[in-house]
Amino acid sequence: MPFDPSDEDQDRYAGYGLAPFPDPRDAEINFYLAGVRAVGAEEVQAAITEVSVRGRQVLLAYAERSASIAVRNNVPDRLIRALIALVIGGLTQNALEALMRTALVEDAARRLRAEPADVFAAAADLVGEMGAFALKLWLGRRPEDRTPEVMGFTVTGDGLTFRYEWAGDVAQ
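Now for a look at the structure at hand. (Residues numbered from 1 in each chain as written. Predicted model: local features only at pLDDT ≥ 70, side-chain atom pairs only at ≥ 80, totals over all residues. Heavy atoms only, no water.)

### A few points about the overall build of the protein
Counting its secondary structure elements, the protein contains six helices and two strands. Counting from the amino terminus, helix and strand elements in the protein follow one another as α-α-α-α-α-α-β-β. Computed over the C-alpha atoms, the radius of gyration of the protein is 14 Å, within 12% of the 16 Å expected from 2.2 N^0.38 for a compact globule of 172 residues. Projected onto its principal axes, the C-alpha coordinates of the protein cover approximately 35 × 35 × 30 Å. (Helix = DSSP H or I, 4+ residues; strand = E, 2+ residues; numbered from the N terminus. Rg over C-alpha atoms; globule rule 2.2 N^0.38 Å.)

Have a look at this one:
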């Protein structure tokens, strides 16, 4: 069954964020985001307009999982998909839940020895003006305000057990 971000229900994604790796639902959202990415900014804008509240939650969970998967499997391109998911999932509205997970993508880029500004620029080229602005705004924050820890996350495991996990309250 394909992922539809406008679906108000999303019951099949209950527990998705905390599911073990790999999970077949990751592939469903990968497929959806590949289509969005192929079309570009127009499709991102349409998705932002149509996404349901529950669809946003699924995309934010996907972005969190993707940051972990990128580090686990040394796949920096996964971070581009995570950023597209964050833009559709609320980053253009400055939603706290999206901002929190943006820290994970930046941290994952650093762990993969990729320049975060380059990763964010690659995503900005795909998400249109509003999305690009939101990504640039993130990078304009003070570095100490952009860490997983300050956004309430911790890192567990390493190698194939690496994972970002929610630890508690946001420090800001």
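### Quick notes on the layout of surface pockets
The space that makes up the largest pocket amounts to roughly 260 Å³. In terms of lining residues, the largest pocket is bounded by 18 residues, among which Arg54, Arg56, Gln57, Val58 and Ala61 are the most central. Mapped onto the lining of the largest pocket, the elements with two or more residues apiece are helix 3 (53-73) and helix 5 (96-111). No other element matches the six residues that helix 3 contributes to the lining of the largest pocket. Of the residues contributing to the lining of the largest pocket, the split by class is eight nonpolar, six polar and four charged. (1 Å grid on protein atoms, 1.4 Å probe; cavity = no way out; pocket = protein on both sides within 12 Å on 5 of 7 lines; lining within 4 Å. Points joined across faces, edges and corners; volume = space filled by probe spheres on them. Nonpolar A, V, L, I, M, F, W, Y, C, P; charged D, E, K, R; others polar.)

### Considerations on the pattern of salt bridges
This structure, assessed with the given rule, holds 12 salt bridges. Between Asp145 and Arg142 there is a salt bridge whose closest N-O contact spans 3.0 Å. Using a relative accessible area of 17% as the deciding quantity, one classes Asp145 as buried. Since its relative accessible area comes to 49%, Arg142 is described here as partly exposed. Linked by salt bridges that have partners in common, Arg37, Asp77 and Arg81 make up one network. (Salt bridge = Lys/Arg side-chain N within 4 Å of Asp/Glu carboxyl O. Buried < 20%, exposed > 50% of the residue type's maximum accessible area, 1.4 Å probe, protein only.)

### Observations concerning the nonpolar core
Burial of nonpolar side chains together is a common tendency in soluble globular proteins. Core analysis: the biggest nonpolar cluster contains 51 residues, and Ile29 and Ile88 have the highest contact counts within it. Going through the elements one at a time, helix 1 (24-39), helix 2 (41-50), helix 3, helix 4 (77-88), helix 5 and helix 6 (116-139) are the ones with two or more residues in this core. Not counting chain neighbours up to four residues away, the residues in contact with Ile88 comprise Tyr32, Leu33, Val36, Val44, Ala47, Ile48, Val51, Arg56 and Leu59. (Core = buried A, V, L, I, M, F, W, Y, C linked by side-chain atoms within 4.5 Å. Contact = heavy atoms within 4.5 Å.)

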